[in-house]
Amino acid sequence: MRLAAILLAAGRSQRFGTEDKLLATYKGRPLVSHAADAIRALRPTSMIAVLSSEAVATLLPDFQRSCPKPGLPQSASLIAGVKAALSARADKALIVLGDMPNVTPALLKELVKRADDDHATAATDGQTSQPPVCFPRGMLGKLLDSSGDQGARELITMLPTSQLVHTSVQELKDVDEQIDLT
């Protein structure tokens with residue numbers, strides 16, 4: 001099985017302030033390095049970083065780069081990552097957000113394991129379905145139709161409970177504002 005892991009790290013971070021949040025220190029290291037390390041631990045066939053910052057890119061030298069044009073909606077990042085996964089002939093694409101520092105390799109592994117040819121998998125805290133998410137190759141075309149700032153949200157929210165991997169709120173924490181770094 002060919003697994004492409006896509007790290008989405010091209011957001012504008014408008015709520016965070018002027019600093020690039022992916023470079024902000026979280027538990028002694030740059031924020032983006034935590035999600036990247038969880039991906040590395042899986043040893044996927046290909047690792048793709050969708051990014052907009054050269055400074056972030058320097059932290060991810062082992063990732064293939066995909067750089068959408070600046071100022072486009074979030075869906076442009078998702079589409080760029082999916083196109084790279086399709087080019088890599090991936091059977092599955094695991095999508096991880098660069099601002100989710102507490103995701104574990106165990107969670108990512110379970111998402112990949114439970115995604116099958118017909119069904120994606122997503123994480124849940126019991127309240128909402130959300131990234132990280134794993135899509136089989138047959139569903140990647142639907143992601144290319146994403147638009148605006150919703151990305152794959154519609155597909156994720158339609159998943160049956162059997163395709164949701166339960167984990168803690170803490171593991172699914174994402175950093176939007178400076179206070180979230182604590």
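You'll find the structure just up there.
Since the structure is predicted, the reported quantities are computational estimates derived from the model, not experimental observations. (Residues numbered from 1 in each chain as written. Predicted model: local features only at pLDDT ≥ 70, side-chain atom pairs only at ≥ 80, totals over all residues. Heavy atoms only, no water.)

1. A closer look at the overall build of the chain
A tally of helices and strands in the chain yields six helices and nine strands. Radius of gyration (C-alpha) of the chain: 15 Å, near the 16 Å computed for a compact globule of 182 residues. Considering only C-alpha atoms, the chain reaches an extent of 40 × 35 × 30 Å along its principal axes. Burial statistics for the chain: of 182 residues in total, 52% are counted as buried. A separation threshold of at least 6 residues defines the contact pool for the chain, and within that pool the share at least 24 residues apart is 70%. Of the roughly 8,900 Å² that the chain leaves accessible, carbon and sulfur atoms contribute 50%. Averaging the coordinates of the 20 positive side-chain charges in the chain and doing the same for the 20 negative ones gives two points 5 Å apart. (Helix = DSSP H or I, 4+ residues; strand = E, 2+ residues; numbered from the N terminus. Rg over C-alpha atoms; globule rule 2.2 N^0.38 Å. Buried < 20%, exposed > 50% of the residue type's maximum accessible area, 1.4 Å probe, protein only. Contact = heavy atoms within 4.5 Å. Areas by Shrake-Rupley, 256 points an atom, 1.4 Å probe, with all protein chains shown as cover. Lys, Arg positive; Asp, Glu negative; His and termini not counted. Charge placed at Lys NZ, Arg CZ, Asp CG, Glu CD.)

2. A short note on a negative patch on the surface
Judged by side-chain charge, D91, D116, D117 and D118 come together as a negatively charged surface patch. Positionally, D117 belongs in the loop between α4 (105–114) and β7 (121–124). With a relative accessible area of 66%, D117 lands in the exposed category. (Patch = residues over 30% accessible without salt bridge, like charges linked within 9 Å, V, L, I, M, F, W, Y side chains within 5 Å. Salt bridge = Lys/Arg side-chain N within 4 Å of Asp/Glu carboxyl O.)

3. Focus: the sheet that holds strand β4 (residues 46–51)
Strand pairing within a sheet occurs via backbone hydrogen bonds; the two strands may be parallel or antiparallel. Pairing is mixed across the open sheet formed by seven strands, whose spatial order is β5-β4-β1-β6-β8-β7-β9. Each edge of the open sheet carries a strand with a single partner, namely β5 (64–66) and β9 (164–166). The mean inter-strand angle of the sheet, taken between neighbouring strand axes irrespective of direction, is 25°. Two strands pair when backbone bridges link them, and strand β1 (residues 3–9) and strand β6 (residues 92–97) are joined in this way by six bridges, in the parallel orientation. Residue pairing across strands places L3 opposite K92, the latter belonging to β6. (Pairing = 2+ DSSP bridges. Axes fitted to C-alpha atoms, helices over the stretch in contact; angles between N-to-C directions.)

4. Concerning the nonpolar core
Grouped together as the largest cluster of nonpolar side chains are 37 residues, with contacts concentrated most on L7, I39, L60, F63, L94, V96 and L108. Elements that contribute at least two residues to this core include exactly β1, α1 (31–42), β4, α2 (54–57), β6 and α4. Among the elements that take part in this core, α1 stands out by supplying seven residues, more than any other. Residues contacting F63, with those up to four places away along its chain left out, are L7, A36, I39, R40, M47, I48 and A49. By size, the runner-up hydrophobic cluster in this structure holds 26 residues, among which are L8, A10, L78 and A90. (Core = buried A, V, L, I, M, F, W, Y, C linked by side-chain atoms within 4.5 Å.)

5. Looking at the pairing of β7
Here β7 shows a buried face lined by T121 and A123 and a second buried face lined by A122 and T124. Bridge count between β7 and strand β8 (residues 129–136): four bridges; the pairing is antiparallel. Bridging across to β8, A123 finds its partner in Q130. Between β7 and β8, which follow one another and run antiparallel, lie four residues, and G126 among them has a positive phi close to 95°. Note: β7 against β9, three bridges, orientation parallel.

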